[in-house]
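Commentary on secondary and tertiary structure
The primary structure of each chain is shown beneath.
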Amino acid sequence: MIVAGLGFSSTATADSLRAAFDKACCGHTVDALATVLDKTGHAALAEFVATTALPLHLVAPEDLAAQRTLTCSPRSGAAYGTGSVAEASAIAAAGSGARLLSPRQISDDRLATCAVAIGG
């Protein structure tokens, strides 16, 4: 399974998410989306998920810290104990032995990130 993990600020829009998704997913057929559980209910996330028709996997915050990421955001580290919410969410949701196909890509407005992982 190929999963696109999303990380985003509270001010992100569906367009922010789409821009990061398009950058990260170029050349990959994605089966599902993933993000951290506490983003549930964010309007931009709901709108974006509806436009993709992909299932959304919600990852517990404590499961993010267990994932090894390629990139490091100080904000993600402070909030979730991981270098990248997008990368950690994608890896966690892709399952055992998952690896990144695309490290986090950042939307032009810098409000959203997306990374792609494939299950082992």
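Scroll up to find the structure.
Here's a quick rundown of the structure.

About the criteria used
- Residues numbered from 1 in each chain as written.
- Predicted model: local features only at pLDDT ≥ 70, side-chain atom pairs only at ≥ 80, totals over all residues.
- Heavy atoms only, no water.
- Core = buried A, V, L, I, M, F, W, Y, C linked by side-chain atoms within 4.5 Å.
- Buried < 20%, exposed > 50% of the residue type's maximum accessible area, 1.4 Å probe, protein only.
- Helix = DSSP H or I, 4+ residues; strand = E, 2+ residues; numbered from the N terminus.
- Contact = heavy atoms within 4.5 Å.
- Salt bridge = Lys/Arg side-chain N within 4 Å of Asp/Glu carboxyl O.
- Phe/Tyr/Trp six-rings, centres within 6.5 Å; stacked < 30°, edge-to-face > 60°.
- Lys NZ or Arg CZ within 6 Å of the ring centre and 35° of its normal.
- Pairing = 2+ DSSP bridges.
- Axes fitted to C-alpha atoms, helices over the stretch in contact; angles between N-to-C directions.
- Parallel < 35°, antiparallel > 145°, perpendicular 65-115°, else oblique.
- Left-handed = near helix turned anticlockwise from the far one by under 90°.
- Nonpolar A, V, L, I, M, F, W, Y, C, P; charged D, E, K, R; others polar.

Looking now at the nonpolar core. Of all hydrophobic cores here, the largest spans 21 residues; its most connected members are Phe21 and Cys114. Of all the secondary structure elements, the ones that give two or more residues to this core are strand E1 (2-8), helix H1 (14-25), helix H2 (43-52) and strand E5 (112-118). Here this core gets six residues from one element, more than from any other, and that element is H1. For Phe21, the residues in contact, after removing those within four places along its chain, are Ala4, Val30, Leu33, Phe48, Leu54 and Cys114.

A separate point is the pattern of salt bridges. Here the structure, examined in full by the defined rule, presents two salt bridges. A salt bridge links Arg18 to Asp22; the nearest nitrogen and oxygen atoms lie 3.4 Å apart. One end of the pair is Arg18 and the other is Asp22, both in helix H1 and four residues apart, which spans about a single turn. Among the residues examined, Asp22 registers a relative accessible area of 42% and is labelled partly exposed.

Tallied over the entire structure, the rule returns one aromatic pair. Taken together, a centroid distance of 5.4 Å and an interplanar angle of 65° make the contact between Phe21 and Phe48 edge-to-face. Placement of the pair is Phe21 in helix H1 and Phe48 in helix H2, with a sequence separation of 27 residues. In this structure, Lys39 is placed above the aromatic ring of Phe8, and the distance from its NZ or CZ to the ring centre is 4.7 Å.

Tracing the chain through its elements places Ser9 in the loop between E1 and H1. Excluding residues that lie within four positions of it along the chain, Ser9 makes contacts with Lys39, His42 and Leu111.

Spatial ordering of the open sheet is given by E3-E2-E1-E5-E4, a layout of five strands whose pairing is mixed. For this open sheet the edge positions go to strand E3 (56-59) and strand E4 (99-106), each flanked by a neighbour on one side alone. Ignoring strand direction, the axes of neighbouring strands in this sheet form an average angle of 25°. Examined bridge by bridge, E1 and strand E2 (residues 32-36) share three bridges and lie parallel to one another. Its bridge partner being in E2, Ala4 is matched across the sheet by Leu33.

Another point: the pairing of E5. When you tally the buried positions in E5, you get six out of seven residues, the bulk of the element. Where E1 meets E5, seven bridges bridge the pair, whose relative direction is antiparallel. The partner of Val3 across the bridge, within E5, is Ala117. Strand direction decides the pairing type here: E4 and E5, joined by five bridges, are antiparallel.

The next subject is the packing of H1 against H2. As a packed pair, H1 and H2 sit with axes 8 Å apart at the nearest point and diverge in direction by 55°. By the angle between their directions, the pair H1 and H2 is classed as oblique. The way H1 lies across H2 gives a crossing that is right-handed. Touching Ala14, Leu17, Arg18 and Phe21 of H1 are Ala44, Leu45, Glu47, Phe48, Thr51 and Thr52, all from H2. Tallied by class, the residues present in the contact of H1 with H2 amount to six nonpolar, two polar and two charged.

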